[in-house]
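Close look at the chain arrangement
Residue strings, one per chain:
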Amino acid sequence: RLLTSKRAPREEPAVPFSRVLLSFCRYYFPCQRWLAVEEDDGQIARELVPVDEAFVKKDPENEGQSPATLGLEQKAKSTTYTVKVKTGDKKNAGTDANVFITLYGSKDDTGIVGLKASKINKNKFERGKVDEFTVESVDIGDLKKIKIGHDNKGNSTGWFLEWVEIDAPSLGQCLKFPCGRWLDKSEDDGAVERIIFPAELQTVEYIPFVPYEITVYTSDIFGAGTDADVFIVLYGSDGICTQQKSLCLNKREQRMYFERNSVNQFIVEV
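Residues numbered from 1 in each chain as written. Predicted model: local features only at pLDDT ≥ 70, side-chain atom pairs only at ≥ 80, totals over all residues. Heavy atoms only, no water.

The name recorded for the protein in an unreviewed UniProt entry is LOXH1 protein, from Hypocryptadius cinnamomeus.

Rendered as structure tokens:
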């Protein structure tokens, strides 16, 4: 402090060092996922959540820590939504435009998410078809509404949307968003985006799913590997079992995993 007075400076109580030292924090946002339409769940943008430093830095005393363990830590801080979209069974109902969706919750929203890779159909948003997508987000609270639309680009842009169904296994809730309208500049009111609210009478609630870390060891004998759709069912001590759950997201993963003498790890919600 600069002193301009000739008088002796007044003594002031010392300020504890801890009050003036700026705190320094490091945040780690691991990904270890593809951002590609042809890979993983097809998303080209991801929301990342911070994890504890111990999950990022290798610890010699914790050799058992795995990428799947890291996945469990991230899964606990995020929500995975399964989004099903039904295109109406009308003439010219399908679209070649780029479709996007935004989920709005009581706390936040997901931002604009492109629906790029359907898990069911190679050509998505075709007449009378149901497409399925995966959307991952941090906690946005209770789902209140959605906004869905397209960019009006392509040869055939008009789209008749029948409904959207959003299932959140970790929350134990499946909501239906009925539409039954065109998203087309030359049809209906000309809008290519719509805000839709859930139909309360069609909401289904169930026991929330729990994420598990699954490690699969394939034997080291001739012909041990497989390209089949490997699935798992977990049984509890009381005889109750989970639904059948595929470990691979697509056929590419089926070809890549379960090779001879390999170890593969998965995070599944059941």
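Turning our eyes to something else, we now look at the overall build of the protein. Scanning the protein from terminus to terminus reveals three helices and 13 strands. Per-residue burial for the protein yields a buried fraction of 35% across its 270 residues. For the protein, the proportion of contacts with a sequence separation of at least 24, taken over those separated by at least 6, is 64%. Accessible surface computed for the protein: about 17,400 Å², of which carbon and sulfur atoms make up 51%. (Helix = DSSP H or I, 4+ residues; strand = E, 2+ residues; numbered from the N terminus. Buried < 20%, exposed > 50% of the residue type's maximum accessible area, 1.4 Å probe, protein only. Contact = heavy atoms within 4.5 Å. Areas by Shrake-Rupley, 256 points an atom, 1.4 Å probe, with all protein chains shown as cover.)

Looking now at the side chain of Thr157. Structurally, Thr157 is set in the loop between strand S5 (143–150) and strand S6 (159–168). On the basis of relative accessible area, Thr157 is assigned to the buried category, the value being 16%. When near neighbours in sequence (up to four residues on either side) are disregarded, Thr157 contacts Thr95, Ala97, His150, Asn152 and Leu183.

Pairing is antiparallel across the open sheet formed by five strands, whose spatial order is S4-S1-S6-S7-S9. In this open sheet, the two strands that pair with only one neighbour each are strand S4 (130–138) and strand S9 (204–205). Note: strand S1 (residues 78–87) against S6, six bridges, orientation antiparallel. For Thr82, the partnering residue across the bridge sits in S6 and is Asp167. (Pairing = 2+ DSSP bridges.)

Phi is positive for Phe125, which is not a glycine, with a value near 60 degrees. Residue position: Phe125 is located in the loop between strand S3 (113–114) and S4. You will see that Asp188, though not glycine, has its phi angle at about 55 degrees, which is positive.

Attention shifts here to the nonpolar core. Within the largest apolar cluster, 25 residues are counted, with the highest numbers of intra-cluster contacts made by Ile101, Leu115, Ile148, Leu161, Val164 and Ile166. Breaking this core down by element, the ones donating at least two residues are S1, strand S2 (99–105), S4, S5, S6 and strand S7 (173–183). For this core, the element with the highest residue contribution is S6, accounting for five residues. Excluding residues within four positions of it along the chain, Ile148 makes contact with Val99, Phe100, Ile101, Leu115, Trp159, Leu161, Val164, Leu183, Val192, Glu193, Arg194 and Ile196. Residues Ile214, Leu247, Phe258 and Val268 belong to the second largest nonpolar core, which totals seven residues. (Core = buried A, V, L, I, M, F, W, Y, C linked by side-chain atoms within 4.5 Å.)

Turning our eyes to something else, we now look at a nonpolar patch on the surface. A cluster of nonpolar side chains, Tyr27, Phe29 and Leu48, forms an exposed patch at the surface whose accessible area comes to about 330 Å². On the secondary structure map, Leu48 appears in the loop between helix H1 (17–20) and helix H2 (67–75). (Patch = residues over 30% accessible without salt bridge, like charges linked within 9 Å, V, L, I, M, F, W, Y side chains within 5 Å. Salt bridge = Lys/Arg side-chain N within 4 Å of Asp/Glu carboxyl O.)

Moving on: empty space enclosed by the protein. Overall, the coordinates contain one cavity of 30 Å³ or more when judged by the stated rule. In this model, the largest cavity occupies a volume close to 40 Å³. Forming the boundary of the largest cavity are Tyr81, Gly141, Asp142, Leu143, Ile166, Ala168, Leu171, Gln173 and Leu175. Of all the secondary structure elements, the ones that give two or more residues to the lining of the largest cavity are S6 and S7. When the residues that make up the lining of the largest cavity are grouped by side-chain class, the tally is six nonpolar, two polar and one charged. (1 Å grid on protein atoms, 1.4 Å probe; cavity = no way out; pocket = protein on both sides within 12 Å on 5 of 7 lines; lining within 4 Å. Points joined across faces, edges and corners; volume = space filled by probe spheres on them. Nonpolar A, V, L, I, M, F, W, Y, C, P; charged D, E, K, R; others polar.)

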